[in-house]
Amino acid sequence: MESKKREQRDRMFMQRALEVAQRGYDAGEVPVGAVLVHDDTVIVAAHNQTLMDNDPTAHAETVAIRNAASILKNARLDGATLYVTIEPCTMCAGALLQARIQRLVFGAREAKTGAVLSIADTLMNPANTHKIAITEGVMAAEASELMQRFFKRKRS
């Protein structure tokens, strides 16, 4: 029963991340959305802002982590879950470790830059002092479709 509740909760928060990713899409950003949750409460939601901010580090995950740390007044986000539509890159995986995120839930894998399971397993390195639970594939088809639609539009 508890696993069913967790699945429903994961889908609910991932749906929110997809909505945020759509806002990024509408703004011309690569449509990645992130929602940071603590105690079943959304602390912050963010999308990629690299073009808007002229900042190559303004990925959805890093924006969400920065904003949540500011809101919570703590650089350590112990107990937090980060929902992301697309598998994080190396930079973002490192940020998750530094922030001490408890759990990562992501939608679709990213074959070219995904550093959680696709091209690297950054979070599972035995040298890491912090361990992050990983759940993949939540609403993966929807996340993948949004990315495909974005890049198809960009190419045409």
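This structure is a prediction, so every number in the text was calculated from the model and none was measured. (Residues numbered from 1 in each chain as written. Predicted model: local features only at pLDDT ≥ 70, side-chain atom pairs only at ≥ 80, totals over all residues. Heavy atoms only, no water.)

A. Spotlight on the nonpolar core. Judged by nonpolar contacts, the single largest core of 41 residues is most densely connected at Leu36, Leu77, Leu82, Ile101 and Leu104. Within the residue set of this core, elements represented by two or more residues are helix 1 (2-26), strand 1 (33-38), strand 2 (41-47), helix 3 (60-72), strand 3 (81-86), helix 4 (90-99), strand 4 (103-108) and helix 5 (140-155). Sort the elements by how many residues they give to this core and helix 3 lands first, with six residues. Leaving out residues up to four positions away in the same chain, Ile101 has contacts with Leu36, Leu77, Ala80, Leu82, Leu96, His130, Lys131 and Ile132. (Core = buried A, V, L, I, M, F, W, Y, C linked by side-chain atoms within 4.5 Å. Buried < 20%, exposed > 50% of the residue type's maximum accessible area, 1.4 Å probe, protein only. Helix = DSSP H or I, 4+ residues; strand = E, 2+ residues; numbered from the N terminus. Contact = heavy atoms within 4.5 Å.)

B. Just unusual backbone geometry, in detail. Even without being a glycine, Asn54 presents a positive backbone phi close to 50 degrees. With relative accessibility at 70%, the residue Asn54 sits in the exposed group. One non-glycine residue, Met139, adopts positive backbone phi at about 55 degrees.

C. Up close: helix 3. Taking 1.5 Å of rise per residue, the 13 residues of helix 3 would be expected to cover 18 Å, and the 18 Å separating its terminal C-alpha atoms lies within 8% of that figure. Summarising the contacts, the buried residues of helix 3 are in contact with strand 1, strand 2, strand 3 and helix 4. A positive backbone phi angle near 55 degrees is found at Lys73, which sits one or two residues after helix 3. (Expected span 1.5 Å × (residues − 1).)

Purely geometric numbers; function is a separate question.
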